[in-house]
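Structural description and commentary
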Amino acid sequence: MRDYLLTLCVTAAVTYLLTGPVRKFAIVTGAMPEIRARDVHREPTPRLGGIAMFFGLCAGLLVADHLTNLNSVFERSNEPRALLSGAALIWLIGVLDDKFEIDALIKLGAQMIAAGVMVVQGLTILWLPIPGIGTVALTQWQGTLLTVALVVITINAVNFVDGLDGLAAGMVCIAAAAFFLYAYRIWYGYTIEAAAPATLFAAILMGMCLGFLPHNMHPARIFMGDSGSMLIGLVLAASAISVTGQVDPDALKLFEGGTREATHAALPVFIPLLLPLTIIAIPVADLLLAIVRRTWNGKSPFAADRGHLHHRLLEIGHSHSRAVLIMYFWSALIAFGVVAYSVHSASMWIVLGIVALSAIGLVLLLLPRFTPRAPRWAEAFVPPRYRRRKRVETVPSAVTYEGEVPEERVQVPAGVNGATAIGARSRFPERRKAGTRG
């Protein structure tokens, strides 16, 4: 665990430190597209954040290769090299798209090629464990098609959800944390070395997201762009593929006793193996709804719109930050709920806890205008929007004239980068020039 934490910290540090220079590079090169109709930000923001994330990935793999306990992952498996090859290809396509706006079909073809590159180097699904039946071997073509489909779906699911500041990075970080716990349990608890690459990939993915989030939280100073969203989607898919079909269920000793007992014992482990997309259930649901919605309206499935889940949260009255936190909450509930159920499926407390947290999430979802107020002793530790409002006294102008109403100075809250959301950058209305009476 210490080596995994060191790899995570190095990846996060490299990503964080490189994001600032990458932001300046994006501004110089003009990677600041104009605001589109579906965007929610008010000012042009540089992209290319995926450059810092890619170098963070490289740093994490390099450090892990020189650690004693993790070096065996590179010696016994070719999966880290396969991941780096596919990531480099998809990252390059994403950088070009952030700068020149590549066609959607070209990006789809590049995603399939990147998945094929990983398959050729051994990162593929070899078999599927099915409860009650056992291990089902896949042919080469079946494994290739299933691997490519999983990679493409995961990449586009993450890309579709990247619509608010900090949303995609935070949700993928939550998914990676849940998957790390699951893969680490298989690797350490069952002493199965085949799960070590998936554990390493999940730790590096957490570091990439944690290092980028401070620059990407609202108001974002830089966007990850397609170079970042497709990259973290590929790494997340590689983690799922590495543990799905690579870990032999027979090594877990689940098929002991009768058929019913064996199936019940294997079900908690098969849930994450057969359905790795449950950890990104929210992005996948958003992807499927977007395809159905656009096809129903006679549009291309790749045509962008403002019908995503995060857009709907904003429409019903949630603020930007609250919409992001709600999406975080549901992602964490699903991801960690599945992992907890895989550990203790017979515990009723887990089910009751998930139900209670779901009820709390629904209350927060249906009360968009409710803002909790912190007690006065805690106001210094919370953001200003959670503090009690203070009475603002009007300040009359220095000189008033007979019959003239005193002028009030009303402070206008500042918006992104000091600009106000409803007018000029000045915090106070313009005063009359001296000597004029209007």
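Residues numbered from 1 in each chain as written. Predicted model: local features only at pLDDT ≥ 70, side-chain atom pairs only at ≥ 80, totals over all residues. Heavy atoms only, no water.

Turning to the packing of helix 1 (residues 2-29) against helix 8 (residues 196-216), a few remarks are in order. Where helix 1 meets helix 8, the closest approach of the two axes is 7 Å, and the angle between their N-to-C directions is 35°. In this structure, helix 1 crosses over helix 8, and the sense of that crossing is right-handed. (Axes fitted to C-alpha atoms, helices over the stretch in contact; angles between N-to-C directions. Helix = DSSP H or I, 4+ residues; strand = E, 2+ residues; numbered from the N terminus. Left-handed = near helix turned anticlockwise from the far one by under 90°.)

For the rest of this paragraph, the subject is a nonpolar patch on the surface. The grouping of M348, W349, V351, L352 and V355 at the surface amounts to a nonpolar patch, some 570 Å² of accessible area in total. In this fold, W349 is placed in helix 14 (residues 348-366). A residue is classified by how much of its surface remains accessible, and W349, at 71% relative accessible area, is exposed. (Patch = residues over 30% accessible without salt bridge, like charges linked within 9 Å, V, L, I, M, F, W, Y side chains within 5 Å. Areas by Shrake-Rupley, 256 points an atom, 1.4 Å probe, with all protein chains shown as cover. Salt bridge = Lys/Arg side-chain N within 4 Å of Asp/Glu carboxyl O. Buried < 20%, exposed > 50% of the residue type's maximum accessible area, 1.4 Å probe, protein only.)

For the coordinates displayed, the defined rule picks out four salt bridges. Taking the shortest distance from any N to any O, the salt bridge between K107 and D226 comes out at 2.8 Å. On the criterion of sequence distance, the pair formed by K107 in helix 5 (residues 104-120) and D226 in helix 9 (residues 225-243) is long-range, its members being 119 residues apart. By the burial criterion, K107 is buried, and D226 matches it. Members of the salt-bridge network, linked through shared partners, are D97, K107 and D226.

Looking now at helix 9. Taking 1.5 Å of rise per residue, the 19 residues of helix 9 would be expected to cover 27 Å, and the 28 Å separating its terminal C-alpha atoms lies within 8% of that figure. Burial of helix 9 is extensive: 19 of the 19 residues sit out of reach of the surface. (Expected span 1.5 Å × (residues − 1).)

With that out of the way, let us pick up helix 5. Compared with an ideal rise of 1.5 Å per residue, which puts 17 residues at 24 Å, helix 5 spans 25 Å between its outermost C-alpha atoms and is within 8% of the ideal. Within the span of helix 5, buried status applies to K107, A110, Q111, A114, A115, M118 and V119. Where helix 5 is buried, its residues touch helix 4 (79-100), helix 6 (140-161) and helix 9. Two residues or fewer past helix 5, G122 is found with a positive phi of approximately 105°. (Contact = heavy atoms within 4.5 Å.)

What follows deals with the environment of A52. Its place among the elements puts A52 in helix 2 (residues 50-65). The class for A52 is buried, based on a relative accessible area of 0%. Along the backbone, A52 and A12 are 40 residues apart, and their C-alpha atoms lie at a distance of 10.0 Å.

For any two aromatic rings, the description comes down to two numbers: the centre-to-centre distance and the angle of the planes. Applying the stated criterion to the full structure yields ten aromatic pairs. Aromatic side chains Y4 and W187 sit 5.7 Å apart centroid to centroid with 90° between the ring planes, which places their arrangement in the edge-to-face category. Of the two residues, Y4 sits in helix 1 while W187 sits in helix 7 (residues 167-189), which places them 183 residues apart along the sequence. In this pair, the class of Y4 matches that of W187, namely buried. Between F54 and F55, the ring centres sit 6.0 Å apart and the planes meet at 75°, which makes this aromatic pair edge-to-face. (Phe/Tyr/Trp six-rings, centres within 6.5 Å; stacked < 30°, edge-to-face > 60°.)

As a further point, take the packing of helix 8 against helix 9. Close contact between helix 8 and helix 9 brings their axes to 8 Å; oriented N to C, the two are set at 160°. With respect to their mutual orientation, helix 8 and helix 9 come out roughly antiparallel. Along this stretch, helix 8 crosses helix 9, giving a crossing that reads as left-handed. Together, P197, A198, F201, A202, L205, M208 and C209 of helix 8 and L231, I232, V235, L236, A238, S239, S242 and V243 of helix 9 make up the contact between the two elements. Grouping the amino acids of the contact of helix 8 with helix 9 by side-chain chemistry returns 13 nonpolar, two polar and no charged. (Parallel < 35°, antiparallel > 145°, perpendicular 65-115°, else oblique. Nonpolar A, V, L, I, M, F, W, Y, C, P; charged D, E, K, R; others polar.)

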